[in-house]
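Below, each chain spelled out in residue letters.
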Amino acid sequence: MLFRSVENQIVSRTLPGTIEELSKWDDDSVLPSEQVYYQLAKDLKIAVENKTHTRLGSRLNYEMSGIASTFRKTGRSVKKWDIDQQINYKEKFLNIDKKWGNIEFWRLLKLYSPKVTSGYFLNAVDLIKTTEGISQRDETERIYLFLFQRTIYMSVLITLLCLLMGYPVAYLISRLPMKSANLLLIFVLLPFWTSLLVRTSAWKVLLQQEGVINDILVFVGLVGDLDRLQLINNQFGTIVAMTHILLPFMILPLYSVMKTIPESYVKAAKSLGANEWTSFRRVYFPQSIPGVGAGCILVFILSIGYYITPEIVGGTSGTFISNRIAYHISYSLNWGLGAALASILLVAVLILYYVYDKIIGIDNVKLG
Amino acid sequence: MALPVYTSRLFRAWDIIFKCICTFVFFFLIAPIIVIIPLSFNAQDFFTFTPEMLNFQSEGYSLKHYNDFFTNVDWQTALTNSFRIAPLATLISVALGTVAAVGLSQSDVPFKKLIMAILISPMIVPLIISAAGMYFFYSRIGLQGTYIGIVLAHAALGIPFVIITVTATLVGFDKSLTRASANLGAGPMRTFFRVQMPLILPGVISGGLFAFITSFDEVVVVLFVGSASQKTLPWQMFTGLREQISPTILAVATILVILSILLLTVVELLRRRSERIRGISA
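This one's a predicted model, so the numbers in the text were calculated from it and none came from an experiment.

Visitor: I would appreciate a short explanation of the pattern of salt bridges in the present structure.
Guide: Close approach of charged atoms allows side chains of opposite charge to pair. All names here are of chain B. Counted by the stated rule, this structure contains one salt bridge over all chains. Salt-bridge contacts for K19 lead to D15; the nearest nitrogen and oxygen are separated by 3.2 Å. Remark: D15 and K19 occur in helix α1 (residues 9-39); sequence separation between them is four residues, near one turn of the helix. We classify K19 as partly exposed; its relative accessible area is 36%.

Structure follows, in structure tokens:
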């Protein structure tokens with residue numbers, strides 16, 4: 001996959017002769033020589049027979065829109081040409097499409113002729129590799145940085161919500177006697193064991209405009225029947241559903257740490273004159289920090305790469321970067337860009353994983 | 001948790017609030033799962049409680065969504081596919097995971113931490129990345145869209161769970177037992193199967209259950225690596241949720257909830273048994 005994200009063999013493989021000829025073209029203020037056009041005609045003829053010219057067209061289309069149609073159009077004409085004749089190819093190409101006379105286009109072709117490119121990665125962070133060097137995309141076209149930002153923002157929010165809800169529960173369970181603690185733990189473990197899709201579909205059902213929660217709100221009279229709340233297909237839906245799904249991953253590490261904190265410490269603090277709040281803040285909480293760290297990193301790592309839940313309940317405003325990766329791999333077929341986005345995400349996760357390993361140790365992960 | 005007599009009134013009030021918060025969180029955890037169960041018996045094609053259901057009239061309830069699940073070809077193929085893939089993937093995960101865990105428990109393994117980290121990574125790395133990577137890799141070696149491909153992918157995803165559970169049972173394992181067995185003339189294979197295996201069996205089984213549920217519940221990798229003929233139950237649910245949402249999904253969900261309750265019970269019993277055998281807790 002990492003290889004995919006920089007691979008760019010298509011140009012040199014489809015137009016080998018042209019690229020070779022093009023490397024001799026140094027004065028990029030004038031159009032390339034007739035020789036280049038002749039090579040292009042030869043390469044294209046072969047490409048058309050193998051039907052690879054359209055693929056090259058759509059590859060270059062990522063960088064300069066409109067090229068795909070140029071290639072398709074040219075391909076149709078080139079098919080009929082008799083290559084052995086040494087006639088004016090430059091003119092012929094220009095007759096098919098004016099783009100062949102565009103110096104910008106030739107510069108682009110030369111820029112993307114090496115086998116390896118950083119173009120996908122630059123695209124993934126909203127930069128674009130142009131003939132004048134690297135520049136930022138237009139304000140309106142910047143989506144990936146924004147998506148990364150949103151992914152991180154929402155993951156942080158979900159992590160905090162999980163911590164806020166998980167901490168009291170873990171505390172309660174860890175203080176109860178064994179028997180009732182086990183009973184309550186089942187309440188935590190049952191969602192943990194239940195299929196992800198079951199939980200997601202449950203939320204989809206609950207949060208719909210005609211769903212159970214809206215029905216209750218209407219029944220209680222908080223909301224009118226006509227202005228039912230939009231709870232799904234937005235960020236709210238994603239955050240609620242994902243908090244629910246990831247909450248057990250917060251509670252379990254917290255619980256396993258809290259179980260080991262002896263009650264006598266807090267009692268000692270109190271007998272020394274600390275009130276409830278101080279003894280919690282100064283004595284209990286610091287001891288539970290390892291659990292907080294473990295839970296937070298785990299939830300954050302899991303949420304940053306989530307795909308299924310945002311896809312189903314997220315709509316357009318609640319989607320994550322992983323949804324975009326999936327889109328590029330299975331729909332737009334821009335594999336390079338999808339792989340580049342995935343690589344960035346992977347690096348982020350691996351750094352967190354390393355931190356997690358350093359703090360807690362990966363072999364200390366407990367399940368159930 | 002009875003409060004001592006000397007607690008202040010303020011703290012008593014806080015204690016009540018605290019219990020309310022906890023109750024709310026438990027409600028938040030469980031309610032969504034419970035709600036879908038009665039909804040799956042809805043006689044209408046709605047996703048909410050109809051007036052008939054709220055009045056507990058028998059015409060408000062029906063088994064028609066279950067009927068649909070058991071007769072619809074799409075759902076049945078999906079179910080069969082899931083049951084063809086999950087057990088085999090589990091078997092591979094358990095075999096490889098157990099061996100890896102036993103090997104890594106030896107004290108003289110070089111780069112132990114690194115190997116462990118790599119083996120656990122499928123659990124941590126976002127599924128979408130594993131799926132994308134497998135997709136690129138499989139299409140290169142021709143496993144894309146094959147049954148074997150999915151089984152292997154799921155096996156890789158299940159291995160971390162087996163390693164973790166088996167490692168946990170190995171913590172209390174008495175090394176002198178293997179030495180004693182060797183001393184009595186048993187070869188390494190015999191020692192493993194007759195002495196070590198029975199003791200770590202609870203860990204192996206619960207790891208296997210984790211691996212099974214991982215495979216059984218997995219969508220992302222199947223979506224990328226599989227082809228239409230390998231459509232599994234989660235895949236069918238996923239497309240159902242995204243496109244033609246039908247209440248049959250709730251019937252399936254209910255069945256899966258019951259399955260997970262069963263699995264949870266088994267794992268819990270195993271864990272207790274394992275702790276009893278090793279004398280960790282009474």
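Visitor: It is not clear to me how the nonpolar core should be interpreted in this structure. Could you clarify?
Guide: Note that soluble globular proteins tend to have their nonpolar side chains buried in a common cluster. A:I173, A:W193, A:I308, B:F26, B:I128, B:F224 and B:L233 are the most contacted members of the largest nonpolar core, which totals 160 residues. Every residue in contact with B:L233, bar those within four places of it in the chain, is listed here: B:F69, B:W75, B:A78, B:L79, B:S82, B:F216, B:V252 and B:L256. Grouped together as the second largest cluster of nonpolar side chains are 20 residues, A:Y37, A:Y38, A:F71 and A:I96 included.

Visitor: Even after reading the chapter, I still don't get the packing of aromatic side chains, so can you show me in this structure?
Guide: How two aromatic rings sit relative to each other is set out by the distance from centre to centre and by the angle between their planes. Counted according to the given criterion, the structure contains 24 aromatic pairs over all chains. Ring centres of B:F83 and B:F216 lie 5.3 Å apart, and the angle between their planes is 55°; on these two criteria the pair is classed as tilted. Taken together, the residues B:F83 in helix α4 (residues 73-105) and B:F216 in helix α9 (residues 188-216) connect sequence positions 133 residues apart. Among the residues examined, B:F83 registers a relative accessible area of 44% and is labelled partly exposed. For B:F216, a relative accessible area of 6% gives the class buried. Ring-pair connections join several aromatic residues into one group, and the members of that group are A:Y167, A:Y171, A:W277, A:F280, A:Y284, A:F285, B:W14 and B:F18.

Visitor: What is the right way to read the interface of chain B and chain A from this model?
Guide: Quite often, the size of an interface is put as the accessible area lost when its parts meet. If you look at the interface, chain B gives 66 residues, while chain A gives 73 residues. Between chain B and chain A, the buried area comes to about 6300 Å², and carbon and sulfur atoms account for 81% of it. Viewed at the interface, chain A and chain B are joined by zero salt bridges. At the boundary of chain B with chain A, the tally comes to five residue pairs in polar contact (both at pLDDT 80 or more). Listing elements by their share of the side of chain B that touches chain A, those giving two or more residues are α1, α5 (112-124), α6 (127-141), α7 (147-170), α9, α10 (220-225), α11 (233-242) and α12 (248-277) of chain B. Considering every element that reaches the side of chain B that touches chain A, the biggest residue donor is α1(B), with 15 residues.

Visitor: Help me understand a positive patch on the surface, please; the structure alone is not making it clear to me.
Guide: All names here are of chain A. On the surface, K51, R72, R76, K79 and K80 cluster together to form a positively charged patch. Tracing the backbone through its elements, the reader meets K51 in the loop between α3 (34-50) and α4 (53-61). With a relative accessible area of 62%, K51 lands in the exposed category.

Visitor: It is not clear to me how empty space enclosed by the protein should be interpreted in this structure. Could you clarify?
Guide: Sizing a probe to match a water molecule and rolling it over the atoms shows the empty space that remains. Here the structure, examined in full by the defined rule, presents two cavities of 30 Å³ or more. The space that makes up the largest cavity amounts to roughly 50 Å³. Surrounding the largest cavity, A:W193, A:T194, A:S195, B:I213, B:F216, B:D217, B:L256, B:L259 and B:S260 form its lining. Elements with a minimum of two residues in the lining of the largest cavity: α9 and α12 of chain B. Taken together, the residues that form the lining of the largest cavity break down as five nonpolar, three polar and one charged. Considering only enclosed or pocket space, the second largest cavity measures out at about 30 Å³ in volume. Taken together, A:S195, B:F216, B:D217, B:L233, B:P234, B:M237 and B:L256 form the lining of the second largest cavity. The element best represented in the lining of the second largest cavity is α11(B), accounting for three residues.

Rules used throughout
- Residues numbered from 1 in each chain as written.
- Chains lettered and ligands numbered in written order.
- Predicted model: local features only at pLDDT ≥ 70, side-chain atom pairs only at ≥ 80, totals over all residues.
- Heavy atoms only, no water.
- Salt bridge = Lys/Arg side-chain N within 4 Å of Asp/Glu carboxyl O.
- Helix = DSSP H or I, 4+ residues; strand = E, 2+ residues; numbered from the N terminus.
- Buried < 20%, exposed > 50% of the residue type's maximum accessible area, 1.4 Å probe, protein only.
- Core = buried A, V, L, I, M, F, W, Y, C linked by side-chain atoms within 4.5 Å.
- Contact = heavy atoms within 4.5 Å.
- Phe/Tyr/Trp six-rings, centres within 6.5 Å; stacked < 30°, edge-to-face > 60°.
- Buried area = accessible area lost by both parts, 1.4 Å probe.
- Polar contact = N/O pair within 3.5 Å; in protein donor to acceptor, adjacent residues only side chain to side chain.
- Patch = residues over 30% accessible without salt bridge, like charges linked within 9 Å, V, L, I, M, F, W, Y side chains within 5 Å.
- Areas by Shrake-Rupley, 256 points an atom, 1.4 Å probe, with all protein chains shown as cover.
- Lys, Arg positive; Asp, Glu negative; His and termini not counted.
- Charge placed at Lys NZ, Arg CZ, Asp CG, Glu CD.
- 1 Å grid on protein atoms, 1.4 Å probe; cavity = no way out; pocket = protein on both sides within 12 Å on 5 of 7 lines; lining within 4 Å.
- Points joined across faces, edges and corners; volume = space filled by probe spheres on them.
- Nonpolar A, V, L, I, M, F, W, Y, C, P; charged D, E, K, R; others polar.

By themselves these figures say nothing about function.
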